[in-house]
Amino acid sequence: MNPCAPVSACRCCGGGRLESVLDMGDMPLANDFHNGEARPRFPLHLLVCQDCWHGQLSVAVPGEALFRHYAYLSGGSRTFRDHCRQLVAAALGLVSVPGGRPAVLDIACNDGTLLSLFRDAGCDVMGVEPARNLKRYTDRLGMPVVNAFWGTDAALALGRKFDVITAQNVLAHVPDPGDFLAGCAACLNAGGVVLVEFPYSLEMVTRNEFDTVYHEHLSYFSVNSFARLVGRSPFHIADVTRLSVHGGSLRFTLRKGPGPHTPAVGDLLQDEQDAGMFRLSTYREFRERVGASRTQFRALVAGLRAVGEKMIGYGASAKGVTMLNHFDVELDYVVDDTELKQGRLIPGRTIPVVGPEVLRREPGRLNIVVLAWNWLAEIRERVRSLRGDRDNLLLYVPGVYCCDLAPREGVTA
Ligand code: TMP
Ligand code: ZN
């Protein structure tokens, strides 16, 4: 495979009318934490299909480079664990396995957080995950996990079927989402359901979440574009729900064959129409708002630096890494609770990632950019517990603003 295969046809509808939305130039991989050595960069350019309005990157960096070693742990956030509990309850309400234990497959099971909740609920569980480094986490939990990328080949190799298949935040990562769904169909029992979650492109566009655009995310789905993909698969959409996780996501329930869907599908399609998701000008306006945020944020950082203020980040998320590189700003350091990231440098930057203990030693007041803005409530609580109320939190999504732990005079965003 070409190290960077260019995309010429829409991943959902196969159409060829792809239009530029946001071109960030050559960027580092958002989870490529490093130790100062030279690292590769790849084009990061968001396109939109003018037929089904699916968002997609102009090139696909091979999954081998992105997902064999993965620094992101699902279990790192309490909010996400709560979300998983809710998913387990919803999934088990959708299937009936008389006299037996539901068999559950979690695709891209990461550290096993969701699988362990299914097991605790009495299910017979299995995971599939391409990242080799995450095996020690799933081993620790005693989860059976096959190390593989998902698709029809992996599905046939499993040689067994399931009542529930879950796929959280993975469909947008795959170069061939049609083959991904075909793999699900190949190992789903009669009466079974597939639950698929991914970030919602409507949220990205309307809330200026430009930093969800990074190499791992090849696709930016709407209900409209996902429906086109499902229409070419063995499934139908039975239901869809909006979720607040990851800056706004969708959960689809898929069942095999033709079948009815809930009114939620039509309601969301209408929301997309109302939000202008089916016209190019909406995407141009999104690009302009991102440009304005960049100018404003750079001015804010320069202003604080000019008066000798320290600026740090909290949460070395892939989103935050994307922002730091696209906005081209430096911070003194970034705090992250994930051990895998500590002691290394932010991709594309020379900013060190440190553990939270550093915050306890900091005198005075800090300006803390909430890089994992999707976990704002948790991070605010964490900073408060470590340092009290003396700091300023700065956000850049949906716009640039100060979120006062301790409001100060003379600094406005
Ligand atoms: P995510 O936005 O992709 O979930 O990444 C969030 C990052 O922020 C991840 O590296 C973990 C980190 N984080 C903390 O360090 N402390 C926290 O309290 C939370 C919620 C996240
Ligand atoms: Zn399309």
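Note that this is a predicted model, so its numbers are computed, not measured.

The rules behind each value
Residues numbered from 1 in each chain as written. Chains lettered and ligands numbered in written order. Predicted model: local features only at pLDDT ≥ 70, side-chain atom pairs only at ≥ 80, totals over all residues. Heavy atoms only, no water. Pairing = 2+ DSSP bridges. Helix = DSSP H or I, 4+ residues; strand = E, 2+ residues; numbered from the N terminus. Contact = heavy atoms within 4.5 Å. Axes fitted to C-alpha atoms, helices over the stretch in contact; angles between N-to-C directions. Donors = N, O, S within 2.8 Å, 3.2 Å for Na, K, Ca; no water. Tetrahedral: all angles 85-135°; square planar, octahedral: opposite > 155°, others 65-115°. Buried < 20%, exposed > 50% of the residue type's maximum accessible area, 1.4 Å probe, protein only. Phe/Tyr/Trp six-rings, centres within 6.5 Å; stacked < 30°, edge-to-face > 60°. Lys NZ or Arg CZ within 6 Å of the ring centre and 35° of its normal.

Engineer: Mind showing me how you'd approach the sheet that holds strand S4 (residues 55-57) here?
Structural biologist: Within a sheet, neighbouring strands are paired by backbone hydrogen bonds and run either parallel or antiparallel to one another. One open sheet holds the four strands; their spatial order is S2-S3-S4-S11, and the pairing between them is antiparallel. Every interior strand has two partners, whereas the edge strands, strand S2 (18-28) and strand S11 (219-220), have only one. The pairing of S4 with S11 spans two bridges and is antiparallel. In the strand pairing of S11, Gln56 is matched with Ser219. Sitting on the sheet, helix H10 (residues 280-306) is in contact with S2 and strand S3 (41-49), with an inclination near 30° to S2. Sitting on the sheet, helix H11 (residues 318-327) touches S2 and S3, and the angle it makes with S2 is about 90°.

Engineer: I would appreciate a short explanation of the side chain of Asn374 in the present structure.
Structural biologist: Among the structural elements, Asn374 can be located in the loop between strand S17 (367-370) and helix H13 (376-387). With near-sequence residues (within four places) excluded, Asn374 lies in contact with His246, Gly247 and Lys319.

Engineer: Any chance you could explain the sheet that holds strand S12 (residues 235-243) here in plain terms?
Structural biologist: Strand order in the open sheet formed by seven strands is S8-S7-S6-S9-S10-S13-S12, and the pairing between neighbours is mixed. One side of each edge strand has no neighbouring strand; the edge strands of this open sheet are strand S8 (145-146) and S12. Where strand S10 (residues 188-199) meets strand S13 (residues 249-256), six bridges bridge the pair, whose relative direction is antiparallel. By the bridge assignment, Val194 is partnered in S13 with Leu254. Sheet strands touched by helix H3 (residues 113-120): strand S6 (103-107), strand S7 (124-128), S8 and strand S9 (162-168). Its angle to S7, the strand with the most contacts, is close to 170°. In the packing of helix H6 (residues 177-186) onto the sheet, contacts are made with S6, S9, S10, S12 and S13, and the angle to S10 comes to roughly 150°.

Engineer: Could you clarify how one ought to interpret the coordination of the zinc ion (ligand 2) in this entry?
Structural biologist: When a metal carries six donors in an octahedron, the ideal angles between them are 90 or 180 degrees, while four donors in a tetrahedron ideally lie at 109.5 degrees. Bound to the zinc ion (ligand 2) on the protein side are Cys10 (SG), Cys13 (SG), Cys49 (SG) and Cys52 (SG), at distances that span 2.3 to 2.4 Å. Coordination geometry of the zinc ion (ligand 2): the four donor atoms subtend angles of 101 to 117° at the metal centre, consistent with an arrangement described as tetrahedral. Each donor residue of the zinc ion (ligand 2) lies on the same chain, and together they follow the pattern C-x2-C-x35-C-x2-C. Pair check on accessibility: Cys49 and Cys52 agree, each one buried.

Engineer: Help me understand the packing of aromatic side chains, please; the structure alone is not making it clear to me.
Structural biologist: What characterises a pair of aromatic rings is the spacing of the ring centres plus the angle enclosed by the ring planes. Going through the model one piece at a time under the given rule, you end up with 12 aromatic pairs. A centroid spacing of 5.6 Å and a plane angle of 35° characterise the contact between Phe198 and Phe252, whose relative ring orientation is tilted. Note that Phe198 is positioned in strand S10 and Phe252 in strand S13, a separation of 54 residues in sequence. Here Phe297 and Tyr396 contribute two aromatic rings whose centre-to-centre distance is 6.0 Å and whose plane-to-plane angle is 70°, an arrangement assigned as edge-to-face. Linking Phe297 in helix H10 with Tyr396 in the loop between strand S18 (392-395) and strand S19 (401-404), this pair joins segments that are 99 residues apart in sequence. Each member of the pair, Phe297 as well as Tyr396, carries the same accessibility label: buried. An aromatic cluster is present here, built from Phe198, Phe221, Phe226 and Phe252 joined pairwise through their rings. When the ring centre of Trp373 is taken as origin, the NZ or CZ atom of Lys319, which lies over that ring, is 5.5 Å away.

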